[in-house]
Amino acid sequence: MLCWWERTCLKKSVICNDLKNCKDCTRYLQMKLQTEMANIPGEFPIEHRLDETKKDLQSYITLKQLDIQDFVVNGRSLVIESENSGNGKTTWAKKLLLKYMAKKVGRINTGYFLNLPIALAEAREAIQTKEILPYVKIFSTVRLLVIDEVASKKLSDFEEQWLLRMISEREKTPGLATIYTLNSTPNLKELLGKRLYSRIYTKSQKIKFVEGDKRGWSHQ
Ligand SMILES: Nc1ncnc2c1ncn2[C@@H]1O[C@H](COP(=O)(O)OP(=O)(O)OP(=O)(O)O)[C@@H](O)[C@H]1O
Ligand SMILES: [Mg+2]
């Protein structure tokens, strides 16, 4: 993929299909900058082509058909979960985030990608150094937030309180949406604590993948 809009760009015949010329395109440059600022892993322009899989076809269709603008305006939340690793949870969360950001290019506070284990480690460190983490503000303002790898382990009291405070801040403003990814486990409630379980899991729309590990299948 050369650019997000290569199929629809009005100037396609003149400047598209030549990545060098994208340097002159404001929309392209804004999207590049915004995906960097949104902390989305991967090289720009980030593209994820996933093969259709038999068992998760219906889930893929539901995610593809999800009206992401409506999802955000209504402040909804979605959990993409699976008992298996490497079957596209993070990839789908990124796809939805990028889809939304591509529609809102040029606006501020549209999207952010947060890997929870990393964020919690940074939060623990920030307590020692009395540093203020940039995403504390982002949490309460960004329109669409992806929180990746929720419940990868049991949260400590500090981690539970930190995340609870962040999510509660976010709940105060209407029109802020969140996508969570997690590895489902029967003791999810225990790992998260019941207040986070209620906010993250109970209230969200859920999409469950059942396919096995697809690492190495990638076209990226
Ligand atoms: N349907 C698919 N077709 C092709 N590649 C796929 C498919 N599903 C996943 N992959 C590839 O597998 C790798 C892992 O995907 P991803 O990180 O989204 O998995 P995950 O479910 O988040 O894994 P984990 O549970 O370990 O966090 C990526 O390189 C991704 O492109
Ligand atoms: Mg993942």
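Computed from a predicted structure; not experimentally measured.

Peer 1: Is there a simple way to think about helix H5 (residues 116-129) in this case?
Peer 2: Since the α-helix packs 3.6 residues into each turn, any two residues three or four apart lie on the same face. When the terminal C-alpha atoms of H5 are compared, their 20 Å separation across 14 residues agrees well with the 20 Å that a helix rising 1.5 Å per residue should span. Taken together, the buried positions of H5 are occupied by Leu 116, Ala 119 and Leu 120. Buried residues of H5 fall within an arc of 100 degrees about the axis and therefore sit on the same side. Opposite its buried face, H5 presents the exposed residues Ile 118, Ala 121, Glu 125, Gln 128 and Thr 129, each directed more than 90 degrees away. Structurally, H5 contributes buried residues whose contacts are with strand S2 (111-115), helix H6 (134-141), strand S3 (144-150) and helix H7 (157-171). Residue Lys 130 follows H5 closely and has a positive phi angle near 60 degrees.

Peer 1: For this particular structure, what's the right way to read the sheet that holds S3?
Peer 2: Where strands meet in a sheet, backbone hydrogen bonds hold them as pairs that are either parallel or antiparallel. Pairing within the open sheet is parallel, and its five strands lie in the order S2-S3-S4-S1-S5. The open sheet has two free edges, formed respectively by S2 and strand S5 (205-209), since each of these has just one partner strand. Averaged over all neighbouring strand pairs, the angle between strand axes comes to 15 degrees, with direction disregarded. One ladder, built from six bridges, connects strand S1 (residues 77-82) with strand S4 (residues 177-183); its direction is parallel. When the sheet's bridge partners are listed, Ile 80 is paired in S4 with Thr 181.

Peer 1: Even after reading the chapter, I still don't get the environment of Ile 167, so can you show me in this structure?
Peer 2: For Ile 167, the location among the structural elements is in helix H7. Along the backbone, Ile 167 and Phe 139 are 28 residues apart, and their C-alpha atoms lie at a distance of 7.6 Å.

Thresholds, definitions, all that
Residues numbered from 1 in each chain as written. Chains lettered and ligands numbered in written order. Predicted model: local features only at pLDDT ≥ 70, side-chain atom pairs only at ≥ 80, totals over all residues. Helix = DSSP H or I, 4+ residues; strand = E, 2+ residues; numbered from the N terminus. Expected span 1.5 Å × (residues − 1). Buried ≥ 20, exposed ≤ 12 C-beta atoms within 10 Å, placed from the backbone. Arc of directions from axis to C-beta. Contact = placed C-beta atoms within 7 Å. Pairing = 2+ DSSP bridges. Axes fitted to C-alpha atoms, helices over the stretch in contact; angles between N-to-C directions.

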